[in-house]
Each structure stands twice: as structure tokens, then as C-alpha cells.
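# Observations on chain architecture
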Amino acid sequence: MDRTVDTIERLAGLSLLVVATLTFAMVILRKFFGTTIPDWYDLSRLLQGIAIFWGIACACWRNGHISVDLLWESASRAGRRRIDLLATAVLLVFVASLAFIAGQAALESRGQGLRTSDLRLPQWPFYLVGAVGLAAAAWLALLRLVRLWSGGRTGDAARAAPGEDPRAATVATEVAR
């Protein structure tokens, strides 16, 4: 499963790289050559949305989203498990709802024939890829919830040695890459 999530993470990163490259090229072309890249803004906006939605999928699996651990740190082991279960269930409901809405937006944009301003590219495929990223996030949140419910560990916690802080395992994994 971690290979799949790593692949998703790399694709999201590639999408951000394309956004950064488009923006850099646009600045250089405008400043020195007085020209622009057609649809650079629309493409950057759509690709950034894809990167964010697919990045959410990685965060759902690895429990890598921003969190406040004040209550969790002071809870017992059983209390921590209950907090993790509740937080993952809420995350699942939120991401599944967002995936449904994004899927509807992709279908509506296809029906409305939304296109980019210069090249007249259809926008719905970009919306659909983003919606699939959110569906992947919902699926990974569901898998995480099932693993937590059955007593298993997911994401960074699965890489940590028993008793080791999962955040330390994350740093060790990133250093090893």
C-alpha cells in the first residue's frame, strides 16, 4: 500500500512541478520577450487543484495532515485509539462528501462545456482527475479506519518500531530516501 501512496505522492509532486515550471516560464517570457503562454493561468490553477486533491489522499493514509495533539498526548493508549478512530471517521465523511461534490462539479462542467480561455481545452477532465484524487482519499481514509478498528497501524505508525514515536519514523524514512 505504501508504494501506491508513494506513487500518488510523486504524481501530485509532478503536478506541482508543472505548475512551478509554467509560472517560471511565464514570468521569463513576459519580462524578456513580451509574450505569454496560452492558458498558463487556467492550466496552473487546474493542475494545482489536482495536486492538492491527490496530496490529500496521501495525508489521509499517512495521517500526515495538520493536527493538534494536546488532548491526544494526555490521553491513555485506549483514549488515543478512540480519538484516532473518531478523527479518521470524521475525515472519511468529509473527504467522501467532498469527492461526491467534486464528481458532480466535473459532470456539470462537462455538461456546460466549460473550456479554457485561450486554447479552448475542456476543463472537465481536470475536474474529474481531481475528483478521482478525492475518491482515492476517501478510499484510503476508509482503509485507515478499518486498520485502526482492527488494531493495526497505518502510515507513519506502521513504519515506527513498537514504542517509537511515529514522527521520528517519518524523519528517519525521509532521511533514508
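Presented here is an overview of the structure given in this document. On a predicted model such as this, the values are computed, not experimentally measured, just so you know.

### Describing the overall build of the protein chain
Assigned secondary structure in the protein chain consists of seven helices and zero strands. If you list the helices and strands of the protein chain from N to C, you get α-α-α-α-α-α-α. Burial statistics for the protein chain: of 177 residues in total, 31% are counted as buried. Considering only contacts within the protein chain whose residues lie at least 6 apart along the sequence, 69% involve residues at least 24 apart. Put simply, the protein chain shows about 11,100 Å² of open surface, and 67% of that area lies on carbon and sulfur atoms.

### Brief notes about the packing of helix H2 (residues 40–62) against helix H5 (residues 124–149)
Two numbers describe how H2 lies on H5: the axes approach to 7 Å, and their chain directions differ by 10°. Accordingly, the angle class assigned to the pair H2 and H5 is roughly parallel. Class assignment of the residues belonging to the contact of H2 with H5 gives a composition of 20 nonpolar, two polar and three charged.

### Notes on unusual backbone geometry
Even without a glycine there, the phi angle at Asp39 is positive, about 60°. Along the polypeptide, Asp39 turns up in the loop between helix H1 (2–33) and H2. For Arg120, which is not glycine, the phi dihedral falls at a positive 60°. Along the chain, Arg120 falls in the loop between helix H4 (77–112) and H5. A residue is classified by how much of its surface remains accessible, and Arg120, at 47% relative accessible area, is partly exposed.

Here is what the cut-offs are and how they apply
Residues numbered from 1 in each chain as written. Predicted model: local features only at pLDDT ≥ 70, side-chain atom pairs only at ≥ 80, totals over all residues. Heavy atoms only, no water. Helix = DSSP H or I, 4+ residues; strand = E, 2+ residues; numbered from the N terminus. Buried < 20%, exposed > 50% of the residue type's maximum accessible area, 1.4 Å probe, protein only. Contact = heavy atoms within 4.5 Å. Areas by Shrake-Rupley, 256 points an atom, 1.4 Å probe, with all protein chains shown as cover. Axes fitted to C-alpha atoms, helices over the stretch in contact; angles between N-to-C directions. Parallel < 35°, antiparallel > 145°, perpendicular 65-115°, else oblique. Nonpolar A, V, L, I, M, F, W, Y, C, P; charged D, E, K, R; others polar.

Shape is all these values report; function is a separate question.
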